[in-house]
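Below are the chains, spelled out letter by letter.
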Amino acid sequence: MTGASAACVFCQIARATTATTLLHSDDRVVAFQDINPSAYRHYLVIPVAHIPTVKDLDRRPEDFALVSHMFQVGQTLMSRDAPQSKHRFGFHQPPFNSVDHLHLHCFALPFIPKWKHIKYLSMGPLGGFIEAEKLLEKITP
Ligand SMILES: [Zn+2]
Ligand SMILES: [Zn+2]
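First things first, this report covers the structure right here in the doc. As the structure is a computational prediction, the values presented were derived from the model and not from experiment.

It is worth spelling out the overall build of the protein at this point. In terms of regular secondary structure, the protein is built from 3 helices and 6 strands. Along its sequence from the N terminus, the protein presents helices and strands in the succession α-β-β-β-α-β-β-β-α. In terms of overall size, the protein behaves like a compact globule, its C-alpha atoms giving a radius of gyration of 14 Å where 141 residues would be expected to give roughly 14 Å. Within the protein, the fraction of its 141 residues that count as buried is 45%. For the protein, contacts bridging at least 24 residues in sequence account for 65% of all contacts bridging at least 6. As displayed, the protein offers around 7,500 Å² of accessible surface, 58% of which is attributable to carbon and sulfur atoms.

Written out as structure tokens, the structure is:
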């Protein structure tokens, strides 16, 4: 499950084989701008390992540590690049995810255009989008 996939665009970005500018990179995660931004600032933080979706995460210390690290990197970038804005962080849940490689959406509000917020609403337990804090609660070991 965690092997790199040659067909996966996010795996290619994580291995820096694309022209995408990395805003952050370390041995576990990389961050970059969403190619189709929906907010004043819209970044993605992804694990270097190919983990398809939030459904592949569980109450395991390594999963919890990884998501905590992604969240922390996102918060650091948002406070650096958009200190005046309200920030939101979360994940799409299948089948609402666009790319099958786990990615944390990081937003500095406002959403642009405004209706775009609909894509990132948490819609209850079956919801399309889960806040980072909620996911961390769910996978606390
Ligand atoms: Zn991948
Ligand atoms: Zn997404």
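This next bit is on the coordination of the zinc ion (ligand 2). Around the zinc ion (ligand 2), the protein contributes the donor atoms His92 (ND1), His103 (NE2) and His105 (NE2), at 2.1 to 2.5 Å from the metal centre. Of the residues examined, His103 reaches a relative accessible area of 5% and is grouped as buried.

To continue, consider the coordination of the zinc ion (ligand 1). For the zinc ion (ligand 1), the protein coordination sphere consists of Cys8 (SG), Cys11 (SG), His50 (ND1) and His101 (ND1), at 1.9 to 2.3 Å. Bound by 4 donor atoms, the zinc ion (ligand 1) shows angles of 103 to 117 degrees at the metal and therefore tetrahedral coordination geometry. All donors of the zinc ion (ligand 1) belong to a single chain; written as a sequence motif, their spacing is C-x2-C-x38-H-x50-H. Of this pair, Cys11 sits in helix H1 (residues 9-14) while His101 sits in the loop between strand S4 (87-92) and strand S5 (104-111), and the two are 90 residues apart along the sequence.

Before going further, it helps to examine the environment of Asn36. Within the fold, Asn36 resides in the loop between strand S2 (29-33) and strand S3 (39-47). In this structure, the C-alpha to C-alpha distance between Asn36 and His87, residues 51 residues apart in sequence, is 18 Å. Apart from the residues lying within four places of it in its own chain, the contact partners of Asn36 are His42 and Lys116.

To continue, consider the packing of aromatic side chains. This model, assessed by the stated rule, comprises 4 aromatic pairs. Ring centres of Phe10 and Phe32 lie 5.5 Å apart, and the angle between their planes is 70 degrees; on these two criteria the pair is classed as edge-to-face. Taken as a pair, Phe10 in helix H1 and Phe32 in strand S2 lie far apart in primary sequence, 22 residues in all. The pair formed by Phe10 and Phe32 is uniform in burial state, with each residue classed as buried. Centre to centre, the rings of Phe107 and Phe111 are 4.9 Å apart; their planes meet at 65 degrees, and the pair counts as edge-to-face. Through a chain of ring-to-ring contacts, the aromatic side chains of Phe107, Phe111 and Phe129 assemble into a single cluster. Its end group placed over the ring of Tyr40, Arg41 keeps NZ or CZ at 4.5 Å from the ring centre.

This part covers the state of the cysteines. A full pass over the atoms with the stated rule returns 0 disulfides. Just so you know, Cys106 is unpaired, no disulfide at all, and the nearest cysteine sulfur is the one on Cys8, 18 Å from it.

What counts as what
Residues numbered from 1 in each chain as written. Chains lettered and ligands numbered in written order. Predicted model: local features only at pLDDT ≥ 70, side-chain atom pairs only at ≥ 80, totals over all residues. Heavy atoms only, no water. Helix = DSSP H or I, 4+ residues; strand = E, 2+ residues; numbered from the N terminus. Rg over C-alpha atoms; globule rule 2.2 N^0.38 Å. Buried < 20%, exposed > 50% of the residue type's maximum accessible area, 1.4 Å probe, protein only. Contact = heavy atoms within 4.5 Å. Areas by Shrake-Rupley, 256 points an atom, 1.4 Å probe, with all protein chains shown as cover. Donors = N, O, S within 2.8 Å, 3.2 Å for Na, K, Ca; no water. Tetrahedral: all angles 85-135°; square planar, octahedral: opposite > 155°, others 65-115°. Phe/Tyr/Trp six-rings, centres within 6.5 Å; stacked < 30°, edge-to-face > 60°. Lys NZ or Arg CZ within 6 Å of the ring centre and 35° of its normal. Disulfide = S-S within 2.5 Å.

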